[in-house]
Every structure is written in structure tokens, then in C-alpha cells.
Amino acid sequence: MIRVLALVLLLVTACATPPAAVPDYATATGHDPAFTRTFRHEFADVDGVRMHYVTGGKGTPVVLLHGWPQTWYGWWQIMPALAEHHTVYAVDLPGLGDSTGVPTSYDKATLARYVHSLMTRLGVRDANVVGHDLGAAVAFQYAARFPADTARLGYLDLPLPGPAIDAATYRSLSWHIAFHMQPRVPETVVGNDVRDYLALFYPQVSFGGSAFGGTADRSPFTDAEIDEYARTYRRPSALSGGFDLYRTLDRDVRDTTAAAPVAAPTLLLAAQGQADAIRAMAATRMANIVRAVDVPRAGHWLVEENPEFVTAELLRFLGDG
């Protein structure tokens, strides 16, 4: 009898289906069952690029566009609250995050066309488009070039490249902008030390960090968050693509200068003490800024440093607060 039981157990063990492996792109939020119940990872081919996005919720569409050095994951903290009222699309920009392939250019007008093509394929019209950092420049170009498909514009913490600030001046705003704009140099310097570089960079533009003239060196990112961003930027093409976001700033200035002013209602959120300066630069090309506000006790990483405030401002702007 014992032998029979042992044989049965052996057969059951041998025939048991192993648990499905969690794909890399889903591991960052795999520990959060509430998140995974609401959101799903999707891919779509757009003009030779395989674009990755995370979507969930129900209601009017909200498109979230990340900057550098982040991915769609930069929005995960505020996505559940937005999804209570909206269908959320957090997009990995072409060639970055878990989007693969190389876009024809990393200038923000070109990236906006890829995002718009993705949204059109998904049947999304009249979108609320929200961008942070260089993703804000993509969001601006989306609103400028596709006004009929843009309901509202959320513009988070970026001096707008364009009439108020040319590329040469932009390079002088911070050492990292000038460094990232150099051909091949940043890839060579960063090399295989992507995680170390990101971990050192994040505190610099945090609240009280050295980029704001302070001495704080605490990162608002957890080790797990840094691991997730390093996972994607370790891919050589993504690392170069991230730096190409900076190397195309001359083109961005020309495109913004040529663009018609955005008429969509616009919300500006900025690091503490920066809203007035960002509004002054943006007002030349944003004709309907309904609110411009500092995020208290936040440096550049608005969502990570004060997610409650950012969420409340976005919900109010979108008509839900």
C-alpha cells in the first residue's frame, strides 16, 4: 500500500503543471493584487514599433506619458485612483520601457504621432493627455497636432522647449541635459552601470536636491522601483533612446515654435517654487492654462514625492474632484 501511495504521489508531481512564469514587464506590480485586477499589459504594432501600454478602468480616456529615466511605471501609484473614473492608458514611449523597435526619431512631435496612432488603433478619441518631464513635451505635441482628439492637456514639470527658451539655453539649465545631448558619450560613460547611474541621478532633482541648490541626497524611489527602471534601460537601444530624447531638443524647439497654440484646457504642475517660471515659458504656446500650481514638498518627481496632491489636482482638473 505504501508503495502504491508513493507511486501515485510521484505521478501527480510529475504531471502537475508548473506555475506560469510572470513576464518581466509584469513583475514590478505582480505583488499588488488590487493593481493586477484592474490593469492589464497590452502590446500593439505601430509603424514598425511594438508599443507596450498598461490599461484599465472605465470612463473617459486618460493617456499618461512618462519622461526620462522612467517608463509607464512612473504612474503606477496614481493609476488606481484615476481608473475609478477613467479608462487609463499608461504608455511606454516608442523604443523605451518594454516598447521595442526604434522610432524614426525621438523628437517629441514624432513620438506624439506614434502615441496618437496607437490611440487611434484602440479607438480612443477626445483623450485627456498627461505627460511628465520630456513626456510632457510629447503630450504638448499631441495636443498641438491633434487638437480634435485632445480634450485636456496635463503638463507636469518641464520648461517647454520653444520660443521662450532655445536649445543652447536649454543645455545650460542642468549638467545632465548637456551631458545627455552629446553623441555616444553618455552611453560610453554609463555603460553597464545603468542602475548605479540612475540611483545617483534620482536624488539630484528631488526636493532639496543638488539640482535645486540643496544638499538633500535621499531618493524618493524604492530599491524595487530603481530595479524596474534599470531593467529596461539596461537594454542598449533603450539607453540610447533615452539619451536621444535630449539629443533631439534642437528639433523640439523648432517644432514647438512652429506649432499653433494649444487651445485645450491645460493644467500645469511643477516642482515647489517652479510653477510661475514654467507657466511663463509655456504660455507662448498654451492658450488656455486654467491652473498652474506648485506641488508642495516635491522636486521633479511629482508623483513619487507627493502622489496624493498630484492625484487630487488631476481628478479635479478632469472633473472628478
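See above for the structure.
Residues numbered from 1 in each chain as written. Predicted model: local features only at pLDDT ≥ 70, side-chain atom pairs only at ≥ 80, totals over all residues. Heavy atoms only, no water.

Section: the overall build of the protein
Within the protein, the secondary structure is distributed over 15 helices and eight strands. Relative to the compact-globule value of 20 Å for 321 residues, the protein shows a C-alpha radius of gyration of 21 Å, a close match. Dimensions along the principal axes, computed over C-alpha positions, put the protein at roughly 85 × 45 × 40 Å. Looking at the 321 residues of the protein, the share that counts as buried comes to 53%. Expressed as a percentage of contacts within the protein between residues at least 6 apart in sequence, the contacts between residues at least 24 apart total 71%. If you sum the accessible surface of the protein, you get close to 13900 Å²; carbon and sulfur atoms cover 55% of it. (Helix = DSSP H or I, 4+ residues; strand = E, 2+ residues; numbered from the N terminus. Rg over C-alpha atoms; globule rule 2.2 N^0.38 Å. Buried < 20%, exposed > 50% of the residue type's maximum accessible area, 1.4 Å probe, protein only. Contact = heavy atoms within 4.5 Å. Areas by Shrake-Rupley, 256 points an atom, 1.4 Å probe, with all protein chains shown as cover.)

Quick notes on empty space enclosed by the protein
Taken as a whole and judged by the stated rule, the model has two cavities of 30 Å³ or more. Space inside the largest cavity adds up to approximately 60 Å³. Leu65, His66, Gly67, Gln70, Gly74, Trp75, His132, Leu302, Val303 and Glu304 together form the lining of the largest cavity. If you tally residues by element for the lining of the largest cavity, the top one is helix H14 (residues 302-305), at three residues. Counted by class, the lining of the largest cavity contains four nonpolar, five polar and one charged residues. Considered as a void within the structure, the second largest cavity measures approximately 30 Å³ in volume. Forming the walls of the second largest cavity are Lys108, Ala137, Phe140, Gln141, Leu160, Pro161, Asp252 and Thr256. At the level of elements, helix H5 (134-145) and helix H12 (249-258) are the ones that each hand at least two residues to the lining of the second largest cavity. (1 Å grid on protein atoms, 1.4 Å probe; cavity = no way out; pocket = protein on both sides within 12 Å on 5 of 7 lines; lining within 4 Å. Points joined across faces, edges and corners; volume = space filled by probe spheres on them. Nonpolar A, V, L, I, M, F, W, Y, C, P; charged D, E, K, R; others polar.)

A look at the packing of H5 against H12
At a minimum axis distance of 11 Å, the contact between H5 and H12 shows a crossing angle of 35°. Every pair of crossing elements has a handedness; the one defined by H5 and H12 is left-handed. Contacts from Phe140, Gln141 and Arg145 of H5 reach H12 at Asp252, Asp255 and Thr256. Considering only residue class, the contact of H5 with H12 consists of one nonpolar, two polar and three charged. (Axes fitted to C-alpha atoms, helices over the stretch in contact; angles between N-to-C directions. Left-handed = near helix turned anticlockwise from the far one by under 90°.)

Notes on the environment of Met286
Topologically, Met286 is positioned in the loop between helix H13 (275-282) and strand S8 (289-295). Spatially, the C-alpha atom of Met286 lies 8.8 Å from that of Ala260, the residues being 26 residues apart in sequence. With residues up to four places along the chain from it excluded, the contact list for Met286 reads Phe140, Leu153, Tyr155, Leu160, Val262, Thr266 and Leu268.

Quick notes on the pairing of strand S6 (residues 150-156)
Most of S6 sits inside the fold, with five of its seven residues counted as buried. Strand direction decides the pairing type here: strand S5 (residues 127-132) and S6, joined by six bridges, are parallel. Opposite Asn128, over in S6, you have Arg152 as the bridge partner. Of the crossover connections in this fold, the one passing from S5 over H5 to the parallel S6 is right-handed. (Pairing = 2+ DSSP bridges. Right-handed = clockwise from strand over helix to strand, strands pointing away.)

Notes on the layout of surface pockets
Space inside the largest pocket adds up to approximately 500 Å³. Lining the largest pocket are 22 residues; nearest its centre among them are Pro159, Leu173, Ser174, His176 and Ile177. Where the lining of the largest pocket is concerned, the elements lending two or more residues are helix H7 (175-180) and H13. With three residues, the top contributor of residues to the lining of the largest pocket is H13. A per-class count over the lining of the largest pocket returns 16 nonpolar, four polar and two charged. Of the voids in this model, the second largest pocket is the one considered here, and its volume is about 160 Å³. Residue composition of the lining of the second largest pocket, by class: three nonpolar, two polar and three charged.

As far as function goes, none of this settles anything; it's purely spatial.
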